[in-house]
Amino acid sequence: MRWGVPRERRAGERRVALVPETVAALSAGGHEVWVERGAGDGAGHADEAYARQGARLVEREEALGCEAVLKVRAPLPGEETEALVPGAVLVAMLQPLVDPAPAQALARRGVASFSLDLVPRTTRAQAMDVLSAMSTVAGYRAAVDAALLARRFFPMLMTAAGTVAPARVLVLGAGVAGLQAIATCRRLGAVVQAFDARPAVREQVESLGASFLGMPPLETSAEGEGGYARALAADEEAREREFLAEAVSRADVVITTALVPGARAPLLIDEGMVAAMRPGSVIVDLAAEAGGNCALTVPGETVVRSGVTVHGPLDVASAMPAPASQLYARAATAFARHLLAAGVPAPVPDPAPAPPEDPIVAATLLTWGGAVVHDGVRRRLESAEQRGG
Ligand code: NAD
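(A) Examining helix H13 (residues 375–388) more closely. Here H13 spans 20 Å end to end across 14 residues, near enough to the 20 Å set by a 1.5 Å rise per residue. Inspection of H13 places Gly376, Val377 and Leu381 among the buried residues, and these make up the whole buried set. Taken down its axis, H13 places every buried residue within 135° of arc, on the same side. Residues of H13 that are exposed and angled more than 90 degrees away from the buried face: Arg379 and Gln386. Its buried side turned inward, H13 meets helix H5 (101–109), strand E16 (365–368) and strand E17 (371–372).

This is the structure:
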């Protein structure tokens, strides 16, 4: 079977779905790996490096025309989607719960697609968890961006000219990205405080050398399904902001990472809280893509309000294409091998047999036999149709 790896064409995307070190793992068992020429350029991988690992370098149509295709992003509508062969298997971060349109196009094209952002957060699927991999990159990058934007020392410095106090960093949201931001700020020597709606993360925060800001418990636990937080009611969010106001005003740097799956990001910092920060302070809002944890965040931009720099980066993992591609490729390859071991055929014959019942396959399966089969995505498409007509 041939696995195609096309170059990503979405504007600003520099990652690649397979790096040379993972070619051997994907081709094990007699499969061929066809990589589009230039696919690895953005992540620093030359064509020759893929060829040395046994990949064949091909043109775009050939990579997209393989029986199985490995990508980072959803194929672009039109030409790229149409280049996929009916019955082909596609593995990518399709993000159908953010934008279900590509799922519809893939179903119409007869492609069997699997969305890596739907991999369950279970121990068994840990090696395939691209969300954690990308959040790790984003958390690290947020800390480094914050250090640059703050234009001050993170560690305490004792010099002949006197002592400089360490930076005070506050991290809001201590999931995968938040914990990595805490760890990175600690490595840089900052004094770090952290907060999360789920008090269960206290131990992880403290094990990284940060202190945990414990809010008096809400009437109903903030713990939602699957280890995620639930969306808080407006009055609960207001209580959080009131609780956080003093810590935010004292911080030199605030890194926000709070997200709730399928909902707008919680609003943790309002305009008044920004105005109460010292001029020169910095907010890095990793939730910018989901509406932002700060009321003044402008997604994709860095703005200065009341002397405070508010940075709202988008596509953060793509800003570190080399490690992001390496981690993505390892997770995607582990998933591809899992699909094959579970018995997913490529190409999927027409008419398609029922997909295997494996829990990881079932959770990630988006389109099959010409239809969108993921329940949550189907519901979103149906309600969008009802609103439209
Ligand atoms: P996420 O990106 O959805 O959210 C980031 C953080 O924001 C979470 O810690 C969440 O509690 C927090 N948050 C949400 N609303 C908030 C609010 N109003 N105020 C303050 N904080 C708020 O989460 P994630 O980083 O993808 O992971 C969440 C959890 O999933 C992890 O902490 C972990 O327990 C679990 N997880 C498990 C596995 C596994 O078992 N393989 C892998 C990854 C993650």
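There is more to say after this.
(B) Spatial organisation of the site of the ligand. Looking at the ligand, there are 24 residues lining it, with Arg121, Val176, Asp196, Arg198 and Glu240 nearest. In this structure, a nitrogen atom belonging to the ligand sits 3.2 Å away from a main-chain N or O atom of Ala197. Residues of the shell around the ligand, tallied by class, amount to twelve nonpolar, seven polar and five charged.

(C) Spatial organisation of the domain arrangement of the protein chain. Under the domain assignment used here, the protein chain contains domain 1 (2–118 + 321–388) and domain 2 (135–314). Here domain 1 and domain 2 have C-alpha centroids that lie 34 Å from each other.

(D) Focus on the sheet that holds strand E12 (residues 253–256). Taken in spatial order, the seven strands line up as E11-E10-E9-E12-E13-E15-E14 in an open sheet, and their pairing is mixed. The sheet is open, and its two borders are formed by strand E11 (211–212) and strand E14 (302–305), each paired with just one other strand. Here strand E9 (residues 168–172) runs beside E12; their pairing, made up of four bridges, is parallel. Within E12, the position partnered with Leu170 by the bridge is Val254. Packed onto the sheet, helix H6 (residues 130–150) meets E12, strand E13 (282–285), E14 and strand E15 (308–311) and runs at close to 155° relative to E13.

(E) Region of the structure containing the packing of aromatic side chains. Taken as a whole and assessed by the stated rule, the structure comprises two aromatic pairs. For the pair Phe114 and Phe335, a centre-to-centre distance of 6.1 Å together with 55° between the ring planes defines the contact as tilted. In this pair, Phe114 is assigned in strand E6 (residues 112–115) and Phe335 in helix H11 (residues 321–342), connecting sequence segments 221 residues apart. Ring plane angle 45° and centroid distance 5.7 Å describe the contact between Phe195 and Phe243, whose orientation is recorded as tilted. Residue Phe195 is found in strand E10 (residues 191–195), and its partner Phe243 is found in helix H9 (residues 234–250); the two are separated by 48 residues along the sequence. Judged by its relative accessible area of 2%, Phe195 falls in the buried class.

(F) The arrangement of the sheet that holds strand E2 (residues 32–36) in detail. Sheet architecture is open: eight strands sit in the order E3-E2-E1-E4-E5-E6-E16-E17, paired in mixed fashion. Each end of this open sheet is capped by a strand with a single partner; those strands are strand E3 (56–58) and E17. The sheet contact formed by E16 and E17 spans two bridges and is antiparallel. Its bridge partner being in E17, Trp368 is matched across the sheet by Ala371.

(G) Summary view of the packing of H6 against helix H7 (residues 176–187). Contact geometry for H6 and H7: axes closest at 7 Å, N-to-C directions at 40°. It follows that H6 is oblique to H7 by the angle criterion. When you trace H6 past H7, the crossing you get is right-handed. Residue-level inspection shows Ser132, Ser135, Thr136, Gly139, Tyr140, Ala143 and Val144 of H6 in contact with H7, the latter providing Val176, Ala177, Gln180, Ala181, Thr184 and Cys185.

What counts and how
- Residues numbered from 1 in each chain as written.
- Predicted model: local features only at pLDDT ≥ 70, side-chain atom pairs only at ≥ 80, totals over all residues.
- Heavy atoms only, no water.
- Helix = DSSP H or I, 4+ residues; strand = E, 2+ residues; numbered from the N terminus.
- Expected span 1.5 Å × (residues − 1).
- Buried < 20%, exposed > 50% of the residue type's maximum accessible area, 1.4 Å probe, protein only.
- Arc of directions from axis to C-beta.
- Contact = heavy atoms within 4.5 Å.
- Near = heavy atom within 4 Å.
- Polar contact = N/O pair within 3.5 Å; in protein donor to acceptor, adjacent residues only side chain to side chain.
- Nonpolar A, V, L, I, M, F, W, Y, C, P; charged D, E, K, R; others polar.
- Domains from an automatic or database assignment.
- Pairing = 2+ DSSP bridges.
- Axes fitted to C-alpha atoms, helices over the stretch in contact; angles between N-to-C directions.
- Phe/Tyr/Trp six-rings, centres within 6.5 Å; stacked < 30°, edge-to-face > 60°.
- Parallel < 35°, antiparallel > 145°, perpendicular 65-115°, else oblique.
- Left-handed = near helix turned anticlockwise from the far one by under 90°.

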